[in-house]
Amino acid sequence: VQFVESGGGLVQPGGSLRLSCVASAFTFSNYGMSWYRQAPGKERELVASISSGGGITKYADSVKGRFTISRDNAKNTVYLQMNSLKLEDTAVYYCSARVRGLTYWGQGTQVTVSS
């Protein structure tokens, strides 16, 4: 199981970014996917999750209405569209899935919101 995230960067408050996570080495369409983030000095937290078929999504209260998780099973890719970014969204963002009883993580992509 492997994940490769991309799309992070430096953005001003109020800006937008779209993160992508390409998965491989498992049947992507059979598993729910999640995005987590970890800010310096803080614990890793769940940001958003999506069911295997994409019909069910859940969000942390802190990002509801601003972030959208989606997936393209034909491309083995999960996305996180982040709008109206705030300073407190600065973190390393990871995609993750629990596959056959084990939790797998990508290498992370840095998102920095700064003026």
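The preceding data block contains the structure.
Since this is a predicted model, take the numbers as computed values, not measurements.

### With respect to the pattern of salt bridges
Thought 1: For the coordinates displayed, the defined rule picks out 4 salt bridges.
Thought 2: For Arg37, the salt bridge identified is with Glu45, shortest N-O distance 2.6 Å.
Thought 3: Of the charged contacts in the structure, one is a salt bridge between Asp89 and Arg66, with a shortest N-O distance of 2.7 Å. Within this pair, whereas Asp89 is found in the loop between strand E8 (77-82) and strand E9 (91-99), its partner Arg66 is found in the loop between strand E6 (57-59) and strand E7 (67-72), the two being separated by 23 residues in sequence.

### Observations concerning the side chain of Ser34
Thought 1: With respect to the element layout, Ser34 can be found in strand E4 (residues 33-38).
Thought 2: Residue class for Ser34 comes out buried when judged on its relative accessible area of 15%.
Thought 3: The residues contacting Ser34, other than those within four sequence positions of it, are Leu46, Ala48, Ser49, Tyr94, Cys95 and Ser96.

### Concerning the packing of aromatic side chains
Thought 1: In this structure the tally under the stated criterion is 5 aromatic pairs.
Thought 2: Summarising the aromatic geometry, the rings of Phe3 and Phe26 are spaced 5.7 Å apart at their centres and angled 90° between planes, so their arrangement reads as edge-to-face. Residue Phe3 is located in strand E1 (residues 2-6), and its partner Phe26 is located in the loop between strand E3 (17-24) and E4; the two are separated by 23 residues in the primary sequence.
Thought 3: Their ring planes at 85° and their centres at 6.4 Å tell us that Tyr94 and Trp105 sit as a pair that is edge-to-face. Here Tyr94 is found in strand E9, whereas its partner Trp105 is found in strand E10 (residues 102-105), with 11 residues between them in sequence.
Thought 4: Aromatic rings pair up to connect Phe3, Phe26, Phe28 and Tyr31 into one cluster.

### With respect to the environment of Arg71
Thought 1: As for its placement among the helices and strands, Arg71 is situated in strand E7.
Thought 2: Linking Arg71 and Gly53, residues 18 residues apart in sequence, is a C-alpha distance of 8.4 Å.
Thought 3: When sequence neighbours within four positions are dropped, the list of residues in contact with Arg71 reads Phe28, Ser29, Tyr31, Gly32, Met33, Ile50, Ser51, Ser52, Gly54, Thr77, Val78 and Tyr79.
Thought 4: A polar side-chain atom of Arg71 sits 2.8 Å from the main-chain carbonyl oxygen of Tyr31.
Thought 5: At 3.3 Å, the side chain of Arg71 forms a polar contact with the backbone oxygen of Ser52.

Parameters and conventions
Residues numbered from 1 in each chain as written. Predicted model: local features only at pLDDT ≥ 70, side-chain atom pairs only at ≥ 80, totals over all residues. Heavy atoms only, no water. Salt bridge = Lys/Arg side-chain N within 4 Å of Asp/Glu carboxyl O. Helix = DSSP H or I, 4+ residues; strand = E, 2+ residues; numbered from the N terminus. Buried < 20%, exposed > 50% of the residue type's maximum accessible area, 1.4 Å probe, protein only. Contact = heavy atoms within 4.5 Å. Phe/Tyr/Trp six-rings, centres within 6.5 Å; stacked < 30°, edge-to-face > 60°. Polar contact = N/O pair within 3.5 Å; in protein donor to acceptor, adjacent residues only side chain to side chain.

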